[in-house]
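The residues making up each chain are set out below.
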Amino acid sequence: MKVVILTDLEGPAGVNGRSDGIGNTMLNKPTADQALVNEVNAVCEGLVAAGADEIVVVDGHGGSNSIDIFKLHSKARLYQIGDWSPMVYLDGTFDALVQLGAHSMQSAGGYMCHTFNSHSVAGMKFNGEPIGEIGMGSYIAAYFGVPTIMVSGDDVACHEARALLGDDLEVVPTKASINRYTTVNYPVEEVYSNLRASAEKALRNVNNCPVLEMPESNELIVRFMCPNHLNGPIRLGIEQLDEVTVRYTSDDFIELWAQRNGWAPGVHQKRFNVTPEWKHPYTLAREAFEE
């Protein structure tokens, strides 16, 4: 079985942050990086016990430089995100997605909550409903028919995940949020044990995990903190609703997601031609090597 672990850096136990005026600042990043890789390795142990024979870990925070490959589980492959790549990190050949180290959406009240950019995005709505990074990650996987089987992070992030994916979703709270910059971290060995057990249980139950239903049309409304944040989208022809709000639309979800990440409408699909049946360059490279 093939599994993707999508990581973020705010959610692991022991990660510390503060305000830098409007957004989030990560403090003591070497400790945060170590906390993240420890939790990734615990999840890998559970996945391997459940039969995973291929694990791809997506370093999903910031510049994709949070995971030291020399500390990573021996069975895991490290995916580091760069420019001019497909706006997806998996395809339909994968069996499951785990979101590890997650945080809640902007204004949700969770620890270091934000939506993709703590310095510019005031909130997002997908087809009329508030959405954050957990939701967008789950829809990306669902586009290819891949279920999200587990989410870890602070308690607010875990509640957000279950509100979207159902009460039976495996979640592992790593800390209790008091407010955006105050938290009570759970004992790390307890967290690691829970991550191992939940990952194993989730993957063994993968055939019973529902996949989000993909809508026929897609609308993403993004409200920014300041008017100048609209300059980039407006230059690309994105519809402006008011002085701080834009609307992205597309019949194809990945095309919508690409626009949100700075691709002009139609360019990403023209370059990569992503469909639910598309194969990621990583998969093609693996298949070619195995032949």
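Shown above is the structure to which this text applies.
Residues numbered from 1 in each chain as written. Predicted model: local features only at pLDDT ≥ 70, side-chain atom pairs only at ≥ 80, totals over all residues. Heavy atoms only, no water.

**Here we look at the nonpolar core**
Next, step 1: One finds Y89, L90, L220 and F253 to be the most contacted residues of the largest nonpolar core, which totals 49 residues.
Next, step 2: Of the residues forming this core, the biggest block, seven residues, is contributed by helix α2 (residues 133-143).
Next, step 3: Residues contacting L90, with those up to four places away along its chain left out, are V4, I140, A141, F144, V146, W278 and H280. (Core = buried A, V, L, I, M, F, W, Y, C linked by side-chain atoms within 4.5 Å. Buried < 20%, exposed > 50% of the residue type's maximum accessible area, 1.4 Å probe, protein only. Helix = DSSP H or I, 4+ residues; strand = E, 2+ residues; numbered from the N terminus. Contact = heavy atoms within 4.5 Å.)

**Concerning the packing of aromatic side chains**
Next, step 1: Counted according to the given criterion, the structure contains nine aromatic pairs.
Next, step 2: Judged by centre distance (5.9 Å) and plane angle (35°), the ring pair of Y139 and F253 falls under tilted. Of this pair, Y139 sits in helix α2 while F253 sits in helix α6 (residues 253-260), placing them 114 residues apart in sequence.
Next, step 3: By relative accessible area, which is 13% here, Y139 ends up buried. (Phe/Tyr/Trp six-rings, centres within 6.5 Å; stacked < 30°, edge-to-face > 60°.)

**Comments concerning the sheet that holds strand β12 (residues 218-224)**
Next, step 1: Taken together, five strands build an open sheet; the order of strands is β8-β7-β12-β14-β13 and the sheet is antiparallel. Looking at the sheet topology across the chains shown, the edges are occupied by β8 (129-130) and β13 (239-242).
Next, step 2: Alignment of strand β7 (residues 121-126) against β12, held across five bridges, turns out to be antiparallel. Within β12, the residue paired with M124 across the bridge is V222.
Next, step 3: Packing of α6 onto the sheet brings it into contact with β7, β12 and β14 (245-250), and relative to β14 it is tilted by some 150°. (Pairing = 2+ DSSP bridges. Axes fitted to C-alpha atoms, helices over the stretch in contact; angles between N-to-C directions.)

**Things to note about unusual backbone geometry**
Next, step 1: The phi angle at M112 is positive, at roughly 50°, despite the residue not being glycine.
Next, step 2: Counting through the fold element by element, M112 comes out in the loop between β6 (96-102) and β7.
Next, step 3: Residue M112 is classed as buried on the basis of its relative accessible area of 1%.
Next, step 4: Positioned with a positive phi, N273 is a non-glycine residue whose angle comes to about 50°.
Next, step 5: Among the secondary structure elements, N273 is positioned in the loop between α7 (267-272) and α8 (281-290).
Next, step 6: For N273, a relative accessible area of 53% gives the class exposed.

**Points about the sheet that holds β6**
Two modes of strand pairing occur in sheets, parallel and antiparallel, and in both the strands are linked by backbone hydrogen bonds.
Next, step 1: The strand order β5-β4-β1-β6-β9-β10-β11 describes an open sheet built from seven strands, whose pairing is mixed. One side of each edge strand has no neighbouring strand; the edge strands of this open sheet are β5 (76-80) and β11 (182-185). Direction aside, neighbouring strands of the sheet carry axes that sit 25° apart on average.
Next, step 2: Summarising the sheet, strand β9 (residues 148-154) and strand β10 (residues 170-179) pair through five bridges and their orientation is parallel. What sits directly across from G153, in β10, is P173.
Next, step 3: The strands touched by α2 within the sheet are β6 and β9, with β6 carrying the most contacts at an inclination of about 165°.
Next, step 4: The strands touched by α8 within the sheet are β1 (2-7), β4 (54-59) and β5, with β4 carrying the most contacts at an inclination of about 145°.

**Considerations on the pattern of salt bridges**
Next, step 1: If you walk through the whole model with that rule in mind, you get nine salt bridges.
Next, step 2: A salt bridge links E239 to R247, with the nearest nitrogen and oxygen atoms 2.7 Å apart.
Next, step 3: Given a relative accessible area of 36%, E239 falls into the partly exposed group.
Next, step 4: What makes R247 partly exposed here is its relative accessible area of 25%.
Next, step 5: Between K279 and E287 there is a salt bridge, and its shortest N-O distance comes to 2.8 Å.
Next, step 6: Under the relative-accessibility criterion, K279 is labelled partly exposed at 34%. (Salt bridge = Lys/Arg side-chain N within 4 Å of Asp/Glu carboxyl O.)

**Structural notes on the state of the cysteines**
Next, step 1: Going through the model one piece at a time under the given rule, you end up with zero disulfides.
Next, step 2: Summary of cysteine pairing: C158 is not part of a disulfide, and the nearest cysteine sulfur, belonging to C113, is at 15 Å.
Next, step 3: Among the cysteines around C226, which has no disulfide bond, C113 carries the closest sulfur, lying 17 Å off. (Disulfide = S-S within 2.5 Å.)

**Some points on the pairing of β6**
Next, step 1: Burial of β6 is extensive: seven of the seven residues sit out of reach of the surface.
Next, step 2: With five bridges connecting them, β1 and β6 associate as parallel partners. Within β6, the position partnered with I5 by the bridge is V98.
Next, step 3: Where β6 and β9 come together, four bridges link them in parallel fashion. Looking at the pairing, L97 lines up with T148 of β9.

All we've got here are geometric facts, nothing functional implied.
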